[in-house]
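Analysis of the macromolecular model
The primary structure of each chain is shown beneath.
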Amino acid sequence: MNIIKPKIKFTNDYIYKNALFTKNPENKVIIEDIDFDSCIFKNIDFSLIELINVNFLDCIFESCDLSNKNFDEKLIERCEFNSCKLLGSSFINASLKNILIDNSTLKYVNFSGTSMNKIKITNSNMSESYFTETKFKNIELDNNNFNKAEFTASYGISSQL
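Computed from a predicted model, the values in this text were never measured in an experiment.

**Considerations on the overall build of the protein chain**
Along the protein chain, the regular secondary structure elements total zero helices and nine strands. Listing every helix and strand of the protein chain by position from the N terminus yields β-β-β-β-β-β-β-β-β. Buried residues in the protein chain amount to 43% of all 161 residues. Sequence separation of at least 24 residues holds for 10% of the intrachain contacts in the protein chain that already meet a minimum separation of 6. As displayed, the protein chain offers around 8700 Å² of accessible surface, 46% of which is attributable to carbon and sulfur atoms.

**What to know about the pattern of salt bridges**
Applying the stated rule across the entire model yields five salt bridges. A salt bridge links K5 to E80; its shortest N-O distance comes to 3.4 Å. Residue K5 is found in the segment before strand 1 (20-23), and its partner E80 is found in strand 4 (residues 75-82); the two are separated by 75 residues along the sequence. With a shortest N-O distance of 3.8 Å, D65 and K85 are connected by a salt bridge. Here K85 lies in the loop between strand 4 and strand 5 (95-102) and D65 lies in the loop between strand 3 (49-62) and strand 4, a separation of 20 residues in the sequence. Through salt bridges with shared partners, one network takes in D58, E77 and R78.

**Notes on the pairing of strand 4**
Counting buried positions over the eight residues of strand 4 gives seven, a clear majority of the element. Where strand 3 lies against strand 4, five bridges are found, and the strand directions are parallel. Residue pairing across strands places F56 opposite I76, the latter belonging to strand 4. Relative to strand 5, strand 4 runs parallel, the two being bridged by seven bridges. Considered in strand 5, the bridge of C79 is made with I99.

**Notes on unusual backbone geometry**
The phi dihedral of N53 is positive, around 55°, even though this residue is not glycine. Mapped onto the fold, N53 is located in strand 3. What makes N53 partly exposed here is its relative accessible area of 41%. Although it is not a glycine, N68 sits at a positive phi angle of roughly 60°. Within the secondary structure layout, N68 lies in the loop between strand 3 and strand 4. Under the relative-accessibility criterion, N68 is labelled exposed at 60%.

**Some remarks on the environment of I34**
If you trace the backbone, I34 turns up in strand 2 (residues 29-42). Since its relative accessible area comes to 4%, I34 is described here as buried. With 22 residues separating them along the chain, I34 and F56 place their C-alpha atoms 8.8 Å apart.

**What about the nonpolar core?**
The biggest cluster of nonpolar side chains holds 37 residues, and the ones touching the most others in it are F56, F61 and F81. At the level of elements, strand 2, strand 3, strand 4, strand 5, strand 6 (115-122) and strand 8 (135-142) are the ones that each hand at least two residues to this core. Looking at this core, the element that brings in the most residues is strand 3, giving six residues. Those residues within four positions of F81 in sequence are excluded, and the remaining contacts are F61, L66, I76, L86, I99, L100, I101, D102 and S104.

Calculation rules
Residues numbered from 1 in each chain as written. Predicted model: local features only at pLDDT ≥ 70, side-chain atom pairs only at ≥ 80, totals over all residues. Heavy atoms only, no water. Helix = DSSP H or I, 4+ residues; strand = E, 2+ residues; numbered from the N terminus. Buried < 20%, exposed > 50% of the residue type's maximum accessible area, 1.4 Å probe, protein only. Contact = heavy atoms within 4.5 Å. Areas by Shrake-Rupley, 256 points an atom, 1.4 Å probe, with all protein chains shown as cover. Salt bridge = Lys/Arg side-chain N within 4 Å of Asp/Glu carboxyl O. Pairing = 2+ DSSP bridges. Core = buried A, V, L, I, M, F, W, Y, C linked by side-chain atoms within 4.5 Å.

Below, the structure written as structure tokens:
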């Protein structure tokens, strides 16, 4: 299967229009109303970052901790997650397209109602994750752990498992 890789465009223009970066009383950084396009995130711990109304297009995440992040109803397209931790994250009703996940931990992740198209997951731990009414199309899975994962009324699995 051919996954379209992120198209990283390096420019000197890193202005994010209409984006709001604030801190709340718990010392968390809040990032609101932004589309990250053509970004590389390396060794970032997102535990003190709250993402609100954020989409990711053409992004690469390397050795990042995105545990317990809420990506519900978000668009994530042409992105790679390499050696990342997404423990307990939520992708309810999200749209994932052209995604590569490699050597990552996605235990307890909720993919309920998610649309997954052109997804390749290799060497990753997805144990105890939830796939309820998940729509699969062109999925390639290789050497993953799905121990105790729940697939309930998921449909459209049309590739290699």
